[in-house]
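Here are the chains, one letter per residue:
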Amino acid sequence: MDRPAGLRLRPREVACIVKPNERYVVAGGCRLQGEVPVSGAKNAALPILAAALLTSGESVIHNAPMIRDVAVMIEILHKLGARVEEGPEGVSGRTLRIRADGLNGQEVGADFTREMRSSIFLMGPLLARVGKIRISYPGGCAIGPRPIDFHLRGLEALGARIEERFGYIEASVPRRLRGTEIYLDFPSVGATENLMMAAVLAEGTTVIRNAAREPEIVDLQAFLNKMGARVRGAGLDVIRIDGVSKLGSVEHTVIPDRIEAATFLAAAVITGGEVTVQGVIPEHVDAVTAKLREMGTIIREYGTAVTAVGPRRLKAADVKTLPYPGFPTDMQPQMMALAATADGTSIITETIFENRFKVADELRRMGANIKTEGRTAVVQGVPSLSGATVVCPALREGMALILAGLRAEGETTIEDIYHIDRGYQHLEQKLTRLGATISRV
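All values derive from a computational prediction rather than experimental measurement.

**Section: the overall build of the protein**
Then step 1. Of regular secondary structure, the protein possesses 14 helices and 24 strands.
Then step 2. Taken over the C-alpha atoms alone, the protein extends approximately 65 × 45 × 40 Å along its principal axes.
Then step 3. Residue pairs at least 24 apart in sequence account for 75% of intrachain contacts in the protein once pairs closer than 6 positions are excluded.
Then step 4. About 16300 Å² of surface is accessible on the protein, with carbon and sulfur atoms providing 47% of the total.

See the structure below:
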């Protein structure tokens, strides 16, 4: 496959080149200390990249994290006929320049969608811009059913005709999408974003009720409005979009990745260290820092930096995942790793994804005492974990295993780390600068 001019993707950043047998080797017993910058948010960058298809003008996107999922999305945009050029890399990501004035495709095949569930974001922009898309069912992490019914029902309400056959979704618009009122049965982040992108070029007004409230949705609204869209209400449970006939060029900086920031704070805590995360929006991680305080962590916030000072022994705490501003499901596996060595018993309740306890089996290999039943896990903290060979079942679960390896006695080998490459930029380099002993084999 030809690469877009100017785009220099490293082999690890391209899905088809990542070697499945790559692994991390982590030495335990290191106390992390120092400062670490946060990359641009993966979950904000992906819908924003899809939204670049809404205009024939130029989209300049700063702080795009150069991770595997972003590389896959860039490949998809190129396949559809967009031109993508890459600027210099900063501490938080790279600048991408995208021109979609010559779109020549409306099909996204299984070779892309099996790699990344976020490919579903292309439905809204392509239906709004060219009126047609044929896309294979999306894949991604195996963390439980994530039905796309909310996306499809919302797009049908906007006037799209949708057929599902032979593993593909075929959608078309007879003339132009029409504004309408949409109620989401669940505040799905992906569906909210997809419907926002579809509605900006629809005829009339669209109102999305029970919308998701995540910061990444606010960031998408900012991007769309800079293009000339008329969107308001992001961050609340009702979003109103007044359709326009055309969108223009845009320049935008992606917000910091709140999950990456929270993960590095957790790394400080589990090792009894002291780490300052730079370039974060503190209120975006409030749910996590509140729970870390409950577990005995000292948290200091100043400007765009948050410092975590871990105690000698964590205290147990209960965790229940909820839509934003509740505790994020993407931090639940990392909290399970922390709870595994805490003093006392923690009860973790997962309300978003039903299969998100797969990491428990791997943590048990390291000596953790975890019992799971349905959507509840009971974690009895143990004095220490032991290094072992474990398998990364998904993105955030893989990061939880790295955290456990940092705390464990001896050496931990984590296999199938291509999942981790989907969401963390320069992970081993950042951890090494903080004092970790971690290598990619």
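**What to know about the packing of helix α8 (residues 258–270) against helix α12 (residues 395–407)**
Then step 1. Close contact between α8 and α12 brings their axes to 9 Å; oriented N to C, the two are set at 20°. Here α8 lies roughly parallel to α12, going by the angle between them. By crossing handedness, the relation of α8 to α12 is classed as right-handed. In this structure, α8 uses I259, T263, A266, A267 and I270 to contact α12, whose residues at the interface are R396, M399, L403, A404, L406 and R407.
Then step 2. Looking at the contact of α8 with α12 residue by residue, the class counts come to eight nonpolar, one polar and two charged.

**Regarding the packing of aromatic side chains**
Then step 1. Across all of its chains, the model carries zero aromatic pairs by this definition.
Then step 2. One residue, R134, lies across the ring of Y168, its end atom 3.8 Å from the ring centre.

**Describing the environment of A45**
Then step 1. Here A45 is to be found in helix α1 (residues 42–51).
Then step 2. Residue A45 is classed as buried on the basis of its relative accessible area of 2%.
Then step 3. In the structure, A45 is positioned 254 residues away from I299 in sequence and 28 Å away in space, judged by C-alpha atoms.
Then step 4. Setting aside residues up to four positions removed in sequence, A45 forms contacts with P65, V70 and V254.

**Examining the environment of Y183**
Then step 1. By secondary structure assignment, the location of Y183 is in strand β10 (residues 181–183).
Then step 2. Of the residues examined, Y183 reaches a relative accessible area of 56% and is grouped as exposed.
Then step 3. The spacing of Y183 and V238 is 55 residues in sequence and 9.3 Å in space, taken between C-alpha atoms.

**A word on the pairing of strand β5 (residues 94–99)**
Then step 1. The pairing of strand β3 (residues 58–64) with β5 spans five bridges and is antiparallel. In the sheet register, V60 faces β5, and the bridge partner there is R97.
Then step 2. Of the pairings in the sheet, the one linking strand β4 (residues 83–89) to β5 comprises five bridges and is antiparallel in character. Directly across from R83, in β5, lies its bridge partner R99.
Then step 3. Counting the residues between successive antiparallel strands, the hairpin from β4 to β5 contains four residues, one of them, G93, with a positive phi of roughly 150°.

**Comments concerning the packing of helix α5 (residues 149–157) against helix α6 (residues 189–199)**
Then step 1. Where α5 contacts α6, the two axes come as close as 8 Å, and the packing angle between them is 25°. Looking at the two axes, α5 sits roughly parallel to α6. Seen along the crossing, α5 lies across α6 with a hand that is right-handed. Contacts between α5 and α6 involve F150, H151, G154 and L155 on the former and, on the latter, G190, A191, N194, L195 and A198.
Then step 2. Of the residues that constitute the contact of α5 with α6, the class distribution is five nonpolar, four polar and no charged.

Conventions we followed
- Residues numbered from 1 in each chain as written.
- Predicted model: local features only at pLDDT ≥ 70, side-chain atom pairs only at ≥ 80, totals over all residues.
- Heavy atoms only, no water.
- Helix = DSSP H or I, 4+ residues; strand = E, 2+ residues; numbered from the N terminus.
- Contact = heavy atoms within 4.5 Å.
- Areas by Shrake-Rupley, 256 points an atom, 1.4 Å probe, with all protein chains shown as cover.
- Axes fitted to C-alpha atoms, helices over the stretch in contact; angles between N-to-C directions.
- Parallel < 35°, antiparallel > 145°, perpendicular 65-115°, else oblique.
- Left-handed = near helix turned anticlockwise from the far one by under 90°.
- Nonpolar A, V, L, I, M, F, W, Y, C, P; charged D, E, K, R; others polar.
- Phe/Tyr/Trp six-rings, centres within 6.5 Å; stacked < 30°, edge-to-face > 60°.
- Lys NZ or Arg CZ within 6 Å of the ring centre and 35° of its normal.
- Buried < 20%, exposed > 50% of the residue type's maximum accessible area, 1.4 Å probe, protein only.
- Pairing = 2+ DSSP bridges.

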